[in-house]
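Residue-level listing of the chains:
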Amino acid sequence: MKIRTIIFLSLFLFSVLPLTLFGCLIINNFNNKMEDILIEELESVSKVQMVAVDTFIESRREVLKILADFNYIKDAINKNINNELDDDTRNYIDNMLISRKNIKPFVNSLTIVDKNYEVVASSGDYEGKNAGKLEQVNHDYLQGDFRIGNIYTKENSDVKLLACYKGVYDNNELIGFVIEELLVDYFKVFTNSNLFEEETVYIVDGFNDIISMTDEAKHNKHILEEHFRDQDSGNCLFEQDGSKYVTYYSKINYTDWYTITSTNLSARYSTYNHYRMLLYFVLLIFVSVVLTAIIFVAKQISLPINKIVTVLNKVTTTDDYSVRINSDSKNEIGKISNEVDLLLSYLEEVYLKEEQKIDSLKQEAAIDHETGTFNKHTIEGVIQNVLDGSDKVVIGFLDIDSFKEFNTKYGHVIGDEVIKYVAKSIIEVIKGPVGRVGGDEFVFCFNSPTEVKEVKKLMETLKKKINAGILVDKQILKVNCSIGVLIAKGENLQFDDVVSKADKAMYMAKAKGKNTYFVVESNE
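What comes next concerns the included structure. Owing to the predicted nature of the structure, the values given are computational and were not obtained by experimental measurement. (Residues numbered from 1 in each chain as written. Predicted model: local features only at pLDDT ≥ 70, side-chain atom pairs only at ≥ 80, totals over all residues. Heavy atoms only, no water.)

### Observations concerning the overall build of the protein chain
Then, in step 1: For the protein chain, the helix and strand inventory stands at 13 helices and 18 strands.
Then, in step 2: Looking at the protein chain residue by residue over its 524 residues, the buried ones come to 42%.
Then, in step 3: In the protein chain, of all internal contacts separated by at least 6 residues, the share reaching a separation of at least 24 is 60%. (Helix = DSSP H or I, 4+ residues; strand = E, 2+ residues; numbered from the N terminus. Buried < 20%, exposed > 50% of the residue type's maximum accessible area, 1.4 Å probe, protein only. Contact = heavy atoms within 4.5 Å.)

Dropping the structure here:
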């Protein structure tokens, strides 16, 4: 037998024939399991949509949580409940909310309401109890946890909105809500996927109202009539007008919404049958060169694709957007790799910007905006850290003498300037953390010098600097203060204890006639 015949028979028996039989088996098996394959495909498409939606919702939850934890907002809510909220504070928060709202084009409004649903501040024009249409939503949304409600429209408006709700707590008591209205139209970005022609993706709210879908022309009302809300996820089959449909659904976190992905199974079968015979023919043509093709595909396609998949898997598992494919290939796979690298660069930039914004909001929440010192909530932790790291610390409690007279005699604007002046003076003299714990009260601390007289000398410097006063209408307005100072020694020093003793020392200073300081030492 000729070598050429042996090679031919060998290729036919060990390559062509097995591959042909295997291809026919695969095609037949695919035909039998097409329904399961389509369900898995729909589930994959739905999960891709869910990742994008969940990421977006989580970002809104984080923003509302930061606002809800902002002590300045908590104080404003409590004042509003007690009818003590002044216009300056309300206007300040209004402007802050307007600034936040303008950052994101999909935000329609940001509103703060108290537990009675009375508006504290808003980026919009809400009044009374109309904030966020609270009367139209399920009361489950008003328990304090982060939730997003269903679609609604405002009176005399066709704009569809969705509202995010986050409770504001003060000492574990629910005192109000942060409400963010989102434009429904924005959610179209989550269903703009390149799907098969027969597939449709929906995002629907708790009333089955459509938030977004791929193509309104392909809307099938029967899909939304299926009873899928008994489970968080699953699939269902139904027939309509002689066509068979398969639908996969999945619930979205923090909402009553579902993502629904549906395909016309009959149309897919029909399309598949048209190509099945062609596939048989193509299989026979290419099976003779299968070994060469495998080598070529492995070198030109499979390996680069595996590299792309590896990089994307690393991104999804580690959130590391700095990885790159770095392909030198000039073919289509190389172009795809370069496009993926550009997408990763964009996502890395977006991710870093979001991190910077979150860090900025956290830092902003720790500062008293009028004085630039730490606020009451933050200074406690800062001073406790100093106490934990030292066995000898100076704690000061400063109160502006007769501060109410400034407001009464010169007005609140001058009073505010006095507050700022005193805060600036403390920061310049005291080389340690400074915090505002009341309207005209400040707390500060620093590591204690060896001699008590050095502490007294520093307090004398601080008192004189504050006494220098501020210039009002071309005349110097003197500012007096009383300072209580505790030199605390020992281990396990606690913030509440040392500040209380410094506060008592301050009252001793006032008892001596005000505008002085009183220094005491304490051994734990």
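### Things to note about a nonpolar patch on the surface
Then, in step 1: Where nonpolar side chains cluster on the molecular surface, the patch consists of Leu343, Tyr346, Leu347 and Val350 and spans about 360 Å² of accessible area.
Then, in step 2: Mapped onto the elements, leucine 347 comes out in helix 8 (residues 332–365). (Patch = residues over 30% accessible without salt bridge, like charges linked within 9 Å, V, L, I, M, F, W, Y side chains within 5 Å. Areas by Shrake-Rupley, 256 points an atom, 1.4 Å probe, with all protein chains shown as cover. Salt bridge = Lys/Arg side-chain N within 4 Å of Asp/Glu carboxyl O.)

### A few points about the side chain of aspartate 399
Then, in step 1: Structurally, aspartate 399 can be placed in strand 12 (residues 392–400).
Then, in step 2: Polar contacts involving the side chain of aspartate 399 include one to the side chain of lysine 510, which spans 2.9 Å. (Polar contact = N/O pair within 3.5 Å; in protein donor to acceptor, adjacent residues only side chain to side chain.)

### Observations concerning a negative patch on the surface
Then, in step 1: Taken together, Asp86, Asp87, Asp88 and Asp416 make up a surface patch of like negative charges.
Then, in step 2: If you trace the backbone, aspartate 88 turns up in helix 4 (residues 87–103).
Then, in step 3: For aspartate 88, a relative accessible area of 59% corresponds to the exposed category. (Lys, Arg positive; Asp, Glu negative; His and termini not counted. Charge placed at Lys NZ, Arg CZ, Asp CG, Glu CD.)

### Observations regarding the packing of helix 10 (residues 403–410) against helix 11 (residues 412–429)
Then, in step 1: Their axes nearest at 7 Å, the elements helix 10 and helix 11 cross at an angle of 145 degrees. Touching Phe403, Phe406, Asn407 and Tyr410 of helix 10 are His412, Ile414, Gly415, Val418 and Ile419, all from helix 11.
Then, in step 2: Taken together, the residues of the contact of helix 10 with helix 11 break down into six nonpolar, three polar and no charged. (Axes fitted to C-alpha atoms, helices over the stretch in contact; angles between N-to-C directions. Nonpolar A, V, L, I, M, F, W, Y, C, P; charged D, E, K, R; others polar.)

### Some thoughts on the sheet that holds strand 10 (residues 243–251)
Then, in step 1: Taken together, the five strands give an open sheet; going across it, the order is 8-7-11-10-9, and neighbouring strands pair in antiparallel fashion. Looking at which strands have only one partner, the edges of the open sheet turn out to be strand 8 (210–213) and strand 9 (233–240). Neighbouring strand axes in the sheet, compared pairwise and without regard to direction, differ in orientation by 20 degrees on average.
Then, in step 2: In terms of strand pairing, strand 7 (residues 199–204) meets strand 8 through three bridges, oriented antiparallel. Counterpart to isoleucine 203 in the pairing with strand 8 is serine 212. (Pairing = 2+ DSSP bridges.)

### Quick word on the packing of aromatic side chains
The description of an aromatic ring pair rests on the distance of the ring centres and on the angle between the ring planes.
Then, in step 1: Evaluated as defined, the whole model comprises 15 aromatic pairs.
Then, in step 2: Geometrically, the ring pair formed by phenylalanine 106 and tyrosine 186 is tilted, given 4.5 Å between the ring centres and 40 degrees between the ring planes. Residue phenylalanine 106 is found in the loop between helix 4 and strand 1 (107–114), and its partner tyrosine 186 is found in the loop between strand 6 (173–183) and strand 7; the two are separated by 80 residues along the sequence.
Then, in step 3: Its relative accessible area of 29% is what places tyrosine 186 among the partly exposed residues.
Then, in step 4: For the ring pair phenylalanine 146 and tyrosine 254, a centre distance of 5.3 Å and an interplane angle of 80 degrees mean the geometry is edge-to-face. With phenylalanine 146 in the loop between strand 2 (119–122) and strand 3 (147–148) and tyrosine 254 in the loop between strand 10 and strand 11 (258–264), this pair connects stretches of sequence that are 108 residues apart.
Then, in step 5: When its relative accessible area of 31% is taken as the criterion, tyrosine 254 is described as partly exposed. (Phe/Tyr/Trp six-rings, centres within 6.5 Å; stacked < 30°, edge-to-face > 60°.)

### Quick notes on the packing of helix 11 against helix 12 (residues 452–467)
Then, in step 1: At their nearest, the axes of helix 11 and helix 12 sit 10 Å apart, and the two run at 150 degrees to each other. Viewed along their axes, helix 11 and helix 12 adopt a mutual orientation that is roughly antiparallel. The chirality of how helix 11 crosses helix 12 is right-handed. Residue-level contacts link Tyr421, Val422, Ser425, Ile426, Glu428 and Val429 of helix 11 to Leu458, Thr461, Leu462, Lys465 and Ile466 of helix 12.
Then, in step 2: Partitioning the contact of helix 11 with helix 12 into residue classes produces seven nonpolar, two polar and two charged. (Parallel < 35°, antiparallel > 145°, perpendicular 65-115°, else oblique. Left-handed = near helix turned anticlockwise from the far one by under 90°.)

### What to know about the side chain of lysine 463
Then, in step 1: Looking at where lysine 463 falls in the secondary structure, it is placed in helix 12.
Then, in step 2: Residue classification places lysine 463 among the buried residues on the basis of a relative accessible area of 12%.

### What to know about the sheet that holds strand 13 (residues 434–436)
Then, in step 1: The five strands lie next to each other as 13-14-12-17-18, forming an open sheet whose pairing is mixed. In the strand order of this sheet, the two ends are held by strand 13 and strand 18 (517–523), each with one partner. In this sheet, neighbouring strand axes are inclined to one another by 15 degrees on average, regardless of whether the strands run parallel or antiparallel.

### Some words on the nonpolar core
Then, in step 1: Ile57, Leu97, Ile112, Phe187, Ile211 and Trp257 are the most contacted members of the largest nonpolar core, which totals 38 residues.
Then, in step 2: Those elements that place two or more of their residues in this core are helix 2 (34–68), helix 3 (71–81), helix 4, strand 1, strand 2, strand 5 (160–170) and strand 6.
Then, in step 3: Sorting elements by how many residues they give to this core places helix 2 first, with eight residues.
Then, in step 4: Discounting chain neighbours no more than four positions away, the residues touching phenylalanine 187 are Phe56, Leu162, Leu182, Ile211, Ser212 and Trp257.
Then, in step 5: Within the second largest apolar cluster, 32 residues are counted, among which are Ile400, Val422, Val455 and Val479. (Core = buried A, V, L, I, M, F, W, Y, C linked by side-chain atoms within 4.5 Å.)

### Quick notes on helix 9 (residues 376–388)
Then, in step 1: The terminal C-alpha atoms of helix 9 lie 19 Å apart, and with 13 residues this matches the ideal 18 Å at 1.5 Å per residue to within 8%.
Then, in step 2: Capping of helix 9 at its N-terminal end is provided by asparagine 375; its side-chain oxygen lies 3.2 Å from the backbone amide nitrogen of histidine 377. (Expected span 1.5 Å × (residues − 1).)

### A look at the pattern of salt bridges
Then, in step 1: The full count for this structure, using the stated rule, is 15 salt bridges.
Then, in step 2: Residues arginine 61 and glutamate 58 are paired through a salt bridge, measuring 2.6 Å at the closest nitrogen-oxygen approach. Residue arginine 61 and its partner glutamate 58 are located together in helix 2, separated by three residues, close to a single helical turn.
Then, in step 3: Using a relative accessible area of 30% as the deciding quantity, one classes glutamate 58 as partly exposed.
Then, in step 4: A cluster of three or more residues bridged by salt bridges with shared partners is formed by Asp368, Glu370 and Arg436.

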